[in-house]
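Chain and residue survey
For reference, the chains in residue letters:
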2 protein chains.
Amino acid sequence: MELFPGMNGLLDYSTYIFDLDGCVYFGPEPAQGASGLISLLSGLGKRVLFLSNNSTHSPHEVVQKLQSMDIHVLASDIHLASTLLARYLHETHGSLRLAVAGEKFLHKEMARFDHTVVPLDDTSADCLVMGRYLSFTFDCLVECVRQLESGGHFYVTNLDTHHPGPEGARQPETGALAAAVSAVTGKTPFSVGKPFPYAFTSLLNDLALDSRDCLMIGDSLNTDVQGAGNAGLDTCWLNPGGASETPSDQPNSPTFTFPGLAEVLATVQQEVR
Amino acid sequence: MELFPGMNGLLDYSTYIFDLDGCVYFGPEPAQGASGLISLLSGLGKRVLFLSNNSTHSPHEVVQKLQSMDIHVLASDIHLASTLLARYLHETHGSLRLAVAGEKFLHKEMARFDHTVVPLDDTSADCLVMGRYLSFTFDCLVECVRQLESGGHFYVTNLDTHHPGPEGARQPETGALAAAVSAVTGKTPFSVGKPFPYAFTSLLNDLALDSRDCLMIGDSLNTDVQGAGNAGLDTCWLNPGGASETPSDQPNSPTFTFPGLAEVLATVQQEVR
């Protein structure tokens, strides 16, 4: 059923790719409508995937968090920035010696893709790899600077400076830590996380998906709407601020705009009837 | 005695204002010639002052450090960014409630200038004040962001992203930490440290100095040469990289350029003869 003749309906896709932070949950709090929407889509035989710049958790940890929110998915459907970067580095450069400033899973993924993880103060590393790092300190900043001054290349899981937490409070992300390192060294980090094409095209290629059959759902105009739009996907922008924030100067307009997942769910339910 | 007729000689000043980091010392190592130059100038009856964006130490601690390098000066001749900011805030706004991300002396100076220092997570503060903070952590970044989201104004002791340490290695400075906070919040910090005029004019006013009688000696083209030049001072740029790095696109050319203090000392000794 089409709500607007000649336009796409929310149900006209075979695959729904959700962002996580600021979309499905806000820190420890689930988004209203998330559980209902994801189970309705799954019940309708749609494929539900998750593509996130999260670099602090493993897919298994995300599954457990989602389970606690009554959202039931498989770890293999969760695609995270740590894995994307580990894989990209191996595809592009083979096995590397990597100094890693990030959480345990980032280290683990680098090792799983045949890289050798060395201590952050070992300046024989080929690259500095940085993710969101909850144990980041001033000394860690000093070591990151030394890595880059020793000739290491600078890779980050993502360039997001923040993601929304509970009540919209900004939670610092990888890009904020990278900004400190860049300020000292003048070096710009390289990322393959959203909005960069690799994040989307590697997912589409792996699962043999046609971009035209996929809808990306997320809260970030830059990473989710522009990134997915550039990769040929339709997009659903979650904009709690309302119409006044609708972008006019962006090349890819969102296909759909809703305040949040509760309103997406209500519209999908209308379309199903 | 003039080395070059019609031009200033290095001895044509009554007052010599030295930068500290990257000028008089590199981390724990004294600069070659520093001790000899400073004692020669003092012996010639010149006034020797220090103006630094250092925000981690007190003047008394700097005196002790200089003493260990055989440089003997008074604490009252050392002017640091922590004091400048504490004083500026009081002159401009009166007593404030300040959340302070910085070392002990920064807290102490804020209290000395009648401000109330509150914990970093107390969002009732009027301002966030940030200095070089060796105990900076990810959690501290979160608290700084929360301060600014709660409406606090953002002040930093200085905007330097780094200063030179031993063997030229870049030591992260206040501006690098501020870059992380700015990346998340989009808020630009306000500073009165070098190169901003307040750093120079408050020193000149306090000591009733004429800018034309003062020579600023430092390694930073931006903070020392441009900042002092804008305040009407002649400048001596320490440029270990040699002539190839001489600036051409800066409004204030340095009055003198030397590789380091050893060469300044040698030239002053020639002028004395």
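As the structure is a computational prediction, the values presented were derived from the model and not from experiment.

**A closer look at the overall build of chain A**
What chain A contains, in helices and strands, is nine helices and 15 strands. For a compact globule of 273 residues, the expected C-alpha radius of gyration is about 19 Å, and chain A comes in at 19 Å, within 12% of that figure. The principal-axis extent of the C-alpha atoms belonging to chain A is close to 60 × 35 × 35 Å. Across chain A, every contact between residues at least 6 apart in sequence was considered, and the portion connecting residues at least 24 apart equals 65%. With an accessible surface of roughly 11300 Å², chain A has 50% of that area assigned to carbon and sulfur atoms. If the 15 positive side-chain charges of chain A are averaged to one point and the 31 negative ones to another, these points end up 4 Å apart.

**A word on the packing of helix H5 (residues 138-149) of chain B against helix H6 (residues 174-185) of chain B**
Residue and element names in this part refer to chain B. Two elements in contact, H5 and H6, have axes separated by 10 Å at closest approach and are oriented at 50°. It follows from the interaxial angle that H5 and H6 lie oblique. Seen from above, H5 lies across H6 with right-handed handedness. Taken together, the residues of H6 that come into contact with H5 (itself represented by Leu-141, Cys-144, Val-145 and Leu-148) are Ala-180, Val-181, Val-184 and Thr-185.

**Let's talk about the interface of chain A and chain B**
At the interface, 23 residues of chain A touch 23 residues of chain B. Between chain A and chain B the total buried area reaches about 1900 Å² when both faces are included, carbon and sulfur atoms providing 69% of it. Interface area lost by chain A to chain B is led by Phe138(A), Arg170(A) and Val184(A), which between them contribute 34%. Linking chain A with chain B are two salt bridges. Close ionic contact of Arg170(B) with Glu149(A) constitutes a salt bridge, the shortest N to O distance being 3.9 Å. Between the two partners, chain A and chain B, sit eight residue pairs in polar contact (both at pLDDT 80 or more).

**Here's the deal with the sheet that holds strand E7 (residues 116-118) of chain B**
Residue and element names in this part refer to chain B. Read across the sheet, five strands follow the order E7-E6-E8-E9-E12 without closing on themselves; strand pairing throughout is parallel. With one partner strand each, in any of the chains shown, E7 and strand E12 (190-191) form the two edges of the open sheet. Contacting strand E6 (97-101), strand E8 (127-130), strand E9 (153-156) and E12, helix H3 (residues 81-93) runs over the sheet at an angle of about 140° to E9. Where H6 meets the sheet, its contacts fall on E8 and E9, and the angle it forms with E9 comes to roughly 160°.

**Brief notes about the packing of aromatic side chains**
Aromatic ring pairs are reported here in terms of the distance separating the ring centres and the angle at which the planes meet. Applying the stated criterion across every chain yields a total of 12 aromatic pairs over all chains. Taken together, the ring pairs in this structure connect Tyr88(A), Tyr155(A), Phe190(A) and Tyr198(A) into an aromatic cluster. The cationic tip of Lys65(B) hangs over the ring face of Tyr25(B); the distance from NZ or CZ to the ring centre is 3.9 Å.

**Structural notes on the pairing of strand E4 (residues 47-52) of chain B**
Residue and element names in this part refer to chain B. Most of E4 sits inside the fold, with five of its six residues counted as buried. Here three bridges tie E4 to strand E5 (residues 78-80), and the two strands are oriented parallel to one another. Within the sheet, the bridge partner assigned to Ser-52 lies in E5 and is Leu-80. The β-α-β motif built from E4, the intervening helix H2 (residues 59-67) and the parallel element E5 has right-handed crossover chirality.

**Considering the pattern of salt bridges**
Residue and element names in this part refer to chain A. Counted according to the given criterion, the structure contains 16 salt bridges over all chains. Of the charged contacts, one joins Asp-224 and Lys-194 as a salt bridge, the two residues approaching to 2.8 Å between their closest N and O atoms. Here the residue Asp-224 occupies a position in helix H8 (residues 221-230), and Lys-194 occupies one in the loop between strand E12 (190-191) and helix H7 (197-206), the gap between them amounting to 30 residues. Exposure remark for Lys-194: the relative accessible area of 2% places this residue in the buried category.

**As for unusual backbone geometry**
Glycine aside, residues mostly have negative phi angles, and peptide bonds mostly take the trans form. Residues and elements named next belong to chain A. For the bond from Lys-194 to Pro-195, the omega torsion is 10°, close enough to zero to count as cis. Here Pro-195 shows up in the loop between E12 and H7. If you check the backbone angles, Ala-208 has positive phi at about 50° while not being a glycine. The residue Ala-208 is located in the loop between H7 and strand E13 (214-218) in this model. Judged by its relative accessible area of 71%, Ala-208 falls in the exposed class.

**Comments concerning the environment of Ile38(A)**
Residue and element names in this part refer to chain A. The residue Ile-38 is located in helix H1 (residues 34-43) in this model. Given the relative accessible area of 2%, Ile-38 is considered buried. C-alpha of Ile-38 to C-alpha of Leu-49: the two residues are 11 residues apart in sequence and 9.8 Å apart in space. Aside from chain neighbours lying at most four places away, what touches Ile-38 is Phe-18, Val-24, Val-48, Phe-50, Ile-71 and Val-73.

**Looking at the nonpolar core**
With 48 residues, the main nonpolar core has Met130(A), Phe136(A), Met130(B) and Phe136(B) as its most contacted residues. The contacts of Met130(A), once residues within four sequence positions are left out, are Ala101(A), Leu106(A), Phe136(A), Cys144(A), Phe154(A), Tyr155(A), Val156(A), Thr157(A), Thr174(A), Leu177(A), Ala178(A) and Val181(A).

**A closer look at the relation of the copies chain A and chain B**
By a simple turn and slide, chain A fits onto chain B: the slide is 0.0 Å along the axis, the RMSD is 0.0 Å, and the turn is 180°. Here the two chains are linked by the operation of a two-fold rotation axis. Among all C-alpha atoms of chain A, that of Thr137(A) lies closest to the rotation axis, at 2.1 Å.

**Details of the domain arrangement of chain A**
Quite often, the size of an interface is put as the accessible area lost when its parts meet. Residue and element names in this part refer to chain A. You can read the domains of chain A as domain 1 (15-53 + 194-272) and domain 2 (95-191). Put simply, the middle of domain 1 and the middle of domain 2, counted by C-alpha atoms, are 27 Å apart. Counting residues at the interface gives 11 residues for domain 1, matched by nine residues for domain 2. For the domain 1 and domain 2 pair, buried surface summed over both sides reaches about 760 Å², with 56% attributable to carbon and sulfur atoms. The tally of links from domain 1 across to domain 2 stands at one residue pair in polar contact (both at pLDDT 80 or more).

Each value, and the rule that gives it
- Residues numbered from 1 in each chain as written.
- Chains lettered and ligands numbered in written order.
- Predicted model: local features only at pLDDT ≥ 70, side-chain atom pairs only at ≥ 80, totals over all residues.
- Heavy atoms only, no water.
- Helix = DSSP H or I, 4+ residues; strand = E, 2+ residues; numbered from the N terminus.
- Rg over C-alpha atoms; globule rule 2.2 N^0.38 Å.
- Contact = heavy atoms within 4.5 Å.
- Areas by Shrake-Rupley, 256 points an atom, 1.4 Å probe, with all protein chains shown as cover.
- Lys, Arg positive; Asp, Glu negative; His and termini not counted.
- Charge placed at Lys NZ, Arg CZ, Asp CG, Glu CD.
- Axes fitted to C-alpha atoms, helices over the stretch in contact; angles between N-to-C directions.
- Parallel < 35°, antiparallel > 145°, perpendicular 65-115°, else oblique.
- Left-handed = near helix turned anticlockwise from the far one by under 90°.
- Buried area = accessible area lost by both parts, 1.4 Å probe.
- Salt bridge = Lys/Arg side-chain N within 4 Å of Asp/Glu carboxyl O.
- Polar contact = N/O pair within 3.5 Å; in protein donor to acceptor, adjacent residues only side chain to side chain.
- Pairing = 2+ DSSP bridges.
- Phe/Tyr/Trp six-rings, centres within 6.5 Å; stacked < 30°, edge-to-face > 60°.
- Lys NZ or Arg CZ within 6 Å of the ring centre and 35° of its normal.
- Buried < 20%, exposed > 50% of the residue type's maximum accessible area, 1.4 Å probe, protein only.
- Right-handed = clockwise from strand over helix to strand, strands pointing away.
- Core = buried A, V, L, I, M, F, W, Y, C linked by side-chain atoms within 4.5 Å.
- Least-squares fit on C-alpha atoms with pLDDT ≥ 70 in both.
- Domains from an automatic or database assignment.

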